[in-house]
Amino acid sequence: MTEYVAVTADLPKTRTHAIRLHGPEGFEGMRRAGRLGAEILDALVPHVVPGVTTGELDDIVREMSVAGGGVPATLGYRGYTHSCCISINHVVCHGIPSEKTLKDGDIVNIDVTPMLDGWHGDTSRMFLVGDVPIKAKRLVDVTYEALMLGLEQAKPGNHLGDISHAIQRHAEKHRYGVVRDFCGHGVGQLFHDAPDVVHVGRPGTGPELRPGMFFTVEPMINIGRPDVKLLEDGWTAVTRDRSLSAQFEHSIGITEDGCEIFTKSPKGLDRPPY
């Protein structure tokens, strides 16, 4: 049975099995943090070009996070030493910034989480580098469509399974594989909180959605099979069959009649081409 708990000033800031229900202060905090995350991704658009290193992009994320009054939540998280994750082509998630350069035709996910006044603005987008093949563009389009179809189901009285099912149905209609090994999560004053938000499921299953719930929806979709493997660095996850993978992520809050997307682009740059 799902347990829900109203967020109060004395509620411990550690993960439990209970789902937190936030009030107006939480919504305002997430709006500010989410906007900063979206502004950082907006600012990266002219920099994601052939020849740039992923380390250079990471530097921009760190500098903008600090300039915006926040800090990158990933920096130091479980020993991680970078300000974002950058996942190229067959990398599903958690790609580590380095001296690797982007090449013409790459598709790239950049995942940022600025923490501002204690709130986490967790979001990611796909970027197209130079002249990208049609099949790669189509994967990116379908992944974004799947995310937004899922968010259409994010309203009070529905269940997490309704979001999951909408995503899975759209992806599999195009014969793509939906990754099972990673999922969305509760978010707010904690980086990762209850509930887990899987991207496959049946309608009417899982926790009921209630006003005040904050969580991420972040489907990872592969051209090939959904299977992934973790590399020896302990972070980078790749497709087992080396097929391309794409991901988009928004942080949202359930309202009285739907959901608020905290991480929408102020410039309307939520999906490529930008």
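It should be emphasised that the depicted structure is a prediction, and the values quoted were computed from it without experimental measurement. (Residues numbered from 1 in each chain as written. Predicted model: local features only at pLDDT ≥ 70, side-chain atom pairs only at ≥ 80, totals over all residues. Heavy atoms only, no water.)

Engineer: Describe the nonpolar core, and please don't skip the residues or the numbers.
Structural biologist: Ranked by size, the top nonpolar core spans 34 residues in total, and within it Ile107, Ile163, Met213, Phe215 and Val217 carry the most contacts. Those elements that provide at least two residues to this core are strand 2 (19-21), helix 3 (134-152), helix 4 (160-173), strand 12 (193-197), strand 13 (214-217) and strand 18 (250-254). Ignoring any residue separated from it by four or fewer positions in sequence, one finds Ile107 in contact with Ser87, Ile88, Asn89, Met126, Phe127, Leu128, Val132, Ala136, Leu139, Val140, Leu244 and Ser245. Ala33, Trp119, Phe127 and Phe214 belong to the second largest nonpolar core, which has 26 residues in total. (Core = buried A, V, L, I, M, F, W, Y, C linked by side-chain atoms within 4.5 Å. Buried < 20%, exposed > 50% of the residue type's maximum accessible area, 1.4 Å probe, protein only. Helix = DSSP H or I, 4+ residues; strand = E, 2+ residues; numbered from the N terminus. Contact = heavy atoms within 4.5 Å.)

Engineer: Could you give an account of the sheet that holds strand 16 (residues 237-239), naming the residues involved and the relevant values?
Structural biologist: The antiparallel open sheet is built from 3 strands, whose spatial order is 5-16-15. Pairing within the sheet leaves two strands with one partner each, and these edge strands are strand 5 (91-93) and strand 15 (228-230). In this sheet, adjacent strand axes meet at a mean angle of 40° when their direction is disregarded. Here strand 15 pairs with strand 16 via 3 bridges, running antiparallel. (Pairing = 2+ DSSP bridges. Axes fitted to C-alpha atoms, helices over the stretch in contact; angles between N-to-C directions.)

Engineer: Which residues make up the packing of aromatic side chains, and what values do they have?
Structural biologist: Summed over the entire model, instances satisfying the criterion amount to 7 aromatic pairs. Through successive ring pairs, a cluster of aromatic residues spans Phe27, Phe214 and Phe262. Cation over ring: Arg210 sits above Tyr4, and NZ or CZ is 3.8 Å from the ring centre. (Phe/Tyr/Trp six-rings, centres within 6.5 Å; stacked < 30°, edge-to-face > 60°. Lys NZ or Arg CZ within 6 Å of the ring centre and 35° of its normal.)

Engineer: Residue-level account of the environment of Gly23, with values.
Structural biologist: Structurally, Gly23 is set in the loop between strand 2 and helix 1 (24-44). Sequence separation between Gly23 and Gly212 is 189 residues, and the spatial gap between their C-alpha atoms is 6.1 Å.

Engineer: If you had to explain the pattern of salt bridges to someone new, which residues and values would you point to?
Structural biologist: According to the stated counting rule, one finds 15 salt bridges in the structure shown. Note that Glu172 is salt-bridged to Arg180, the shortest N-O span being 3.9 Å. Look at Glu172 and you get partly exposed, because its relative accessible area is 37%. Salt bridges sharing partners connect three or more residues here, namely Glu28, Arg31, Arg32, Asp117 and Glu260. (Salt bridge = Lys/Arg side-chain N within 4 Å of Asp/Glu carboxyl O.)

Engineer: Kindly report on the packing of helix 1 against helix 2 (residues 54-67), identifying the contributing residues and their values.
Structural biologist: Contact geometry of helix 1 with helix 2 gives a least axis separation of 10 Å together with a crossing angle of 140°. One way to sum up the angle between helix 1 and helix 2 is to call them oblique. In this structure, the crossing between helix 1 and helix 2 has a hand that is right-handed. For the pair helix 1 and helix 2, the contacting residues are Leu36, Glu39, Ile40, Ala43 and Leu44 in the first and Leu57, Ile60, Val61, Met64 and Ser65 in the second. Classifying every residue of the contact of helix 1 with helix 2 gives 8 nonpolar, 1 polar and 1 charged. (Parallel < 35°, antiparallel > 145°, perpendicular 65-115°, else oblique. Left-handed = near helix turned anticlockwise from the far one by under 90°. Nonpolar A, V, L, I, M, F, W, Y, C, P; charged D, E, K, R; others polar.)

Engineer: So what about the pairing of strand 18? Which residues, and what values?
Structural biologist: The side chains of a regular strand alternate, first on one face of the sheet and then on the other. In terms of burial, strand 18 is largely enclosed, as 5 of its 5 residues are buried. Because side chains alternate across strand 18, one face comprises the buried residues His250, Ile252 and Ile254, and the other comprises Ser251 and Gly253, equally buried. In the sheet, strand 13 pairs with strand 18 via 4 bridges, with the strands oriented antiparallel. Its bridge partner being in strand 18, Val217 is matched across the sheet by His250. In the sheet, strand 18 pairs with strand 19 (residues 259-261) via 3 bridges, with the strands oriented antiparallel. Each bridged residue has a counterpart across the sheet, and for Ile252 the counterpart in strand 19 is Ile261.

Just distances and angles here, no functional claims.
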